[in-house]
Amino acid sequence: MPKRTGVPPAALPPDLIDEALLELAETVLSDFFFNPENEQAYKRALSKNRPTGDRGLLLTEETFALPDADCVVRLEALRTMTRFRIGVAQPTFSATVEGVWSIEDELLNETRVTRTGDPSAIEDAVQAMIDIIDERAADEDEFADLMGEEEDDEDVPLIGDDPTEPEDATALDRSRVKAIAKRMARDSNGDLPAEDRGWLEQMPQMLPVVTEQLIAAASAAKRDESLVLAYQVLLAAQLEFVRYRQDRGWDWANEMLEAFQRRLVAIGEADTIPRQDWFMMCSALEQARVPVADDVQAQLADAGFKPEDLGDTPPEAMMEMMRQFMDELARMVSSPFEVVDSLKGSGAMLPAALRSFLAIELALSPHAVLRETVPLLLLDDDSAVRVAAAGALEQTAHPETMSPDALRRAITIRNWIPAGDRPALDAAIRKARIAGVEIGAWPAPARDLELYASSVDGSGAQSILGVSRTGKKGLFAGLLLRHGTGVVDGWLDQDMARGKVGKLLREAQMAAPLVRVGKAFVDSMVEHAIAASVEQGTVPPAPLMELAELLGGAEWKDRRIDIAAEAGRQFAALDPAERTPEGIEMAYARGLEWMVDDDVLGSWFEDGPQVQKALAKLPRTDRTRMMAAVMSDILPDKRAEWTERFLMVALWSQAATDKAQQAKAADLVQVAYALAGDAPLESIPAMELIADQTVRGVLLGGW
């Protein structure tokens, strides 16, 4: 059974007896929700019979036979979602603990403790009951292991009995989404709280619910702007959460996203919500980086731009209208980055052919700021648009129409795009140089730049942050890398109040392990990610160019780290004693001690339909066979990815200014080196940990 990791701070420091009662309450809740069926039963019960006032809905009651007297513990659900009351009663005392339970973190928050009776009796009884629950959990685990060896497989539920896609949302789930949106609407910042975000991430089936609630809010007779905005935020988040599953290969996620896009087309055609709200729903697809097929983009464009909007306007007049729009856009922006950002939200509604045409129109514009935008269109997701942008640059490759900065950016981006797109851009660059276009100088990086990097999570994601806060206004910028995929996102704010910069940095440090690093480390990670994009025929996002200018990325190229060679170099740099068989075994054992408690490494496991398929015919109680199947059928094909993962975290640990983190680098190097070689996976304890976490993930939820 999961163990309680700590007590969150309350309004006033609780005394030791309150601490003990809080620990018992969290132990009871952990024990109850450790069984996934109890969570579903709780949701069904609360949706059918929600209590009123202070009345509680009894979920479970247990009598503990203690030396002094029996003690009764009741677990009750209260009216507010995830709020519970734990009652404890014995002849010499009684107590209640109320609070909001976080299933993900296994912590009780917003607590209130009341008690009467002998404090020493409470303390003795509470500790005895915690011991009983913990011992029972250990016995159950041992029994499950035994049954996995002795039971007939036909009598035990199989892994494949789990649903391979999320169940439909319940009435309780829909109610919680409404409550989240209402709280966000009342919040002046409109932020999605971390606990709600964690819940939504585990509930991809809420995408259709959020969609319909947004439509209802947008079309309500008495419109609440804050509520509509809250649902827009929820929609973007939910689309991203489902896209994560699409990336992992789940068919149901692909079908869910396709269904959303069909719904979006239907809404646009029916014109049932204000056009601006519909445009925002389309932009959420771009924000969540959901791939949209070109034919769907055409359908969205047809749905969004209706014939009656243009009337009998002849083509010449339409072109004039478009150029007037571009004139207005040029007056509204101060940089080409702002132009790209303003066009980004319409990406889902602009087919590749239209974006290609737009690249040419921007290149021929009399406004310099619009012409400067064309090199940034080389980072369009569609190869045809990238080639069209290169052709537009070749048409305008003259000192009068191409600035030194535009040429500098085009030369830089040349190393960020797939090899097949480079010939057209090379021709434009060559023509510009022959015509006498100078190459612009790189701007100086932000003053007093601080660079931070997170560890690498289970999806391969790593965040890079750049901060400058010496003046009244500061910089807060970030890159999201996904090793094996590339640079997947970028954001920045150059005009942020210094206090807010510090606040966001502290929040980032609380959300994930984040250490200060040097520029050389950032350069190597970004270049490795760019190279991954190039190899897969994709491109990094447009903000990468602006971030390169702010963070000193003049040399960023598609430069991949040779994983095997670097693992060998790092191993060779270890102390000779650490490279002996005894030293390797000691490093494995030492590393395993801290790895099992590392929050980020706890997210390292394999998932997706291939894992479900490999384990489908195995009994749920037979962890030994499940572990063996993961080690033999799943991890061998993923060996290169895990080699990269361990090496990247080793390099991150080395680059950290924190001494404790630096000390872990050698243990990670040992694992990366073994994986880069031909050592059997079974001889590497860290891989058994990955297998164990994979099995645990499958048992807790198939998708």
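Definitions and limits used
- Residues numbered from 1 in each chain as written.
- Predicted model: local features only at pLDDT ≥ 70, side-chain atom pairs only at ≥ 80, totals over all residues.
- Heavy atoms only, no water.
- Helix = DSSP H or I, 4+ residues; strand = E, 2+ residues; numbered from the N terminus.
- Rg over C-alpha atoms; globule rule 2.2 N^0.38 Å.
- Buried < 20%, exposed > 50% of the residue type's maximum accessible area, 1.4 Å probe, protein only.
- Contact = heavy atoms within 4.5 Å.
- Areas by Shrake-Rupley, 256 points an atom, 1.4 Å probe, with all protein chains shown as cover.
- Salt bridge = Lys/Arg side-chain N within 4 Å of Asp/Glu carboxyl O.
- Pairing = 2+ DSSP bridges.
- Axes fitted to C-alpha atoms, helices over the stretch in contact; angles between N-to-C directions.
- Phe/Tyr/Trp six-rings, centres within 6.5 Å; stacked < 30°, edge-to-face > 60°.
- Patch = residues over 30% accessible without salt bridge, like charges linked within 9 Å, V, L, I, M, F, W, Y side chains within 5 Å.
- Lys, Arg positive; Asp, Glu negative; His and termini not counted.
- Charge placed at Lys NZ, Arg CZ, Asp CG, Glu CD.
- Expected span 1.5 Å × (residues − 1).
- Core = buried A, V, L, I, M, F, W, Y, C linked by side-chain atoms within 4.5 Å.

Asks: Please clarify how the overall build of the chain should be interpreted in this entry.
Replies: What the chain contains, in helices and strands, is 29 helices and 10 strands. Its C-alpha radius of gyration of 29 Å places the chain within 12% of the 27 Å reference for a compact globule of 703 residues. Projected onto the principal axes, the alpha-carbon positions of the chain cover approximately 95 × 75 × 60 Å. The burial tally for the chain puts 48% of its 703 residues in the buried class. Across the chain, every contact between residues at least 6 apart in sequence was considered, and the portion connecting residues at least 24 apart equals 68%. About 32,900 Å² of surface is accessible on the chain, with carbon and sulfur atoms providing 52% of the total.

Asks: Would you mind going over the pattern of salt bridges with me for this structure?
Replies: Enumeration according to the criterion identifies 37 salt bridges in this entry. Ionic pairing is found between Glu76 and Arg85, a salt bridge with its closest N-O pair at 2.9 Å. For the pair Glu76 and Arg85, one class covers both residues: buried. Between Asp558 and Arg422 there is a salt bridge; the shortest N-O distance is 3.1 Å.

Asks: What exactly am I supposed to notice about the pairing of strand β3 (residues 83–90) here?
Replies: In regular strands, side chains alternate between the two faces of the sheet. Judged by how many residues are buried, β3 sits mostly within the fold: seven of eight residues are covered. Linking two consecutive strands that pair antiparallel, namely strand β2 (residues 71–77) and β3, is a turn of five residues; a positive phi of about 65° is found at Thr82 within it. In this structure, β3 lies alongside strand β4 (residues 93–102), joined through eight bridges in antiparallel fashion. Bridging from a neighbouring strand, Val88 pairs with Ala95 of β4.

Asks: Please explain the sheet that holds β3 as it appears in this structure.
Replies: One open sheet holds the five strands; their spatial order is β1-β2-β3-β4-β5, and the pairing between them is antiparallel. On the outer flanks of this sheet lie β1 (57–64) and β5 (107–117), each paired with one strand and no other. Going across the sheet, the axis of each strand differs from the next one's by a mean of 15°, ignoring polarity. Sheet topology note: the β1/β2 ladder contains seven bridges and is antiparallel. Within the sheet, the bridge partner assigned to Phe64 lies in β2 and is Cys71.

Asks: Got a minute to help me understand the packing of aromatic side chains in this structure?
Replies: For any pair of aromatic rings, geometry is given as the distance between the ring centres together with the angle between the planes. Throughout the structure, instances matching the rule amount to nine aromatic pairs. A centroid spacing of 5.1 Å and a plane angle of 45° characterise the contact between Tyr42 and Phe84, whose relative ring orientation is tilted. Of the two residues, Tyr42 is situated in helix α2 (residues 36–48) and Phe84 in strand β3; the sequence distance between them amounts to 42 residues. Across the pair, Phe84 and Tyr42 agree in class, each one buried.

Asks: Would you mind going over a negative patch on the surface with me for this structure?
Replies: A cluster of acidic residues, Glu165, Glu167, Asp168, Asp251, Glu255 and Glu258, forms a negative patch on the protein surface. Mapped onto the fold, Asp168 is located in the loop between α3 (119–150) and α4 (171–186). We classify Asp168 as exposed; its relative accessible area is 70%.

Asks: Help me understand helix α1 (residues 16–33) in this model?
Replies: Residues spaced three or four apart along an α-helix face the same direction, because each turn holds 3.6 residues. Look at α1: 26 Å from first C-alpha to last across 18 residues, which is about the 26 Å you get at 1.5 Å a residue. Along α1, 14 of the 18 residues are buried, which leaves the element largely enclosed by surrounding structure.

Asks: Help me understand the pairing of β2 in this model?
Replies: Of all seven residues in β2, five are buried; the element is thus mostly enclosed. The hairpin formed by β1 and β2 contains six residues between the paired strands.

Asks: What am I meant to see in the nonpolar core here?
Replies: The nonpolar side chains of soluble globular proteins are, as a tendency, buried together. Trp556, Phe646 and Met687 are the most contacted members of the largest nonpolar core, which has 111 residues in total. Not counting the four nearest positions on each side in its chain, Met687 is found in contact with Met631, Leu635, Trp642, Phe646, Leu675 and Leu681. Residues Ala217, Ala237, Trp252 and Ala288 belong to the second largest nonpolar core, which totals 52 residues.

Asks: Got a minute to help me understand a positive patch on the surface in this structure?
Replies: A grouping of Arg174, Lys178, Lys182 and Arg186 is seen on the molecular surface, where their side chains present a positively charged patch. Among the structural elements, Lys182 can be located in helix α4. Assessed through its relative accessible area of 48%, Lys182 is described here as partly exposed.

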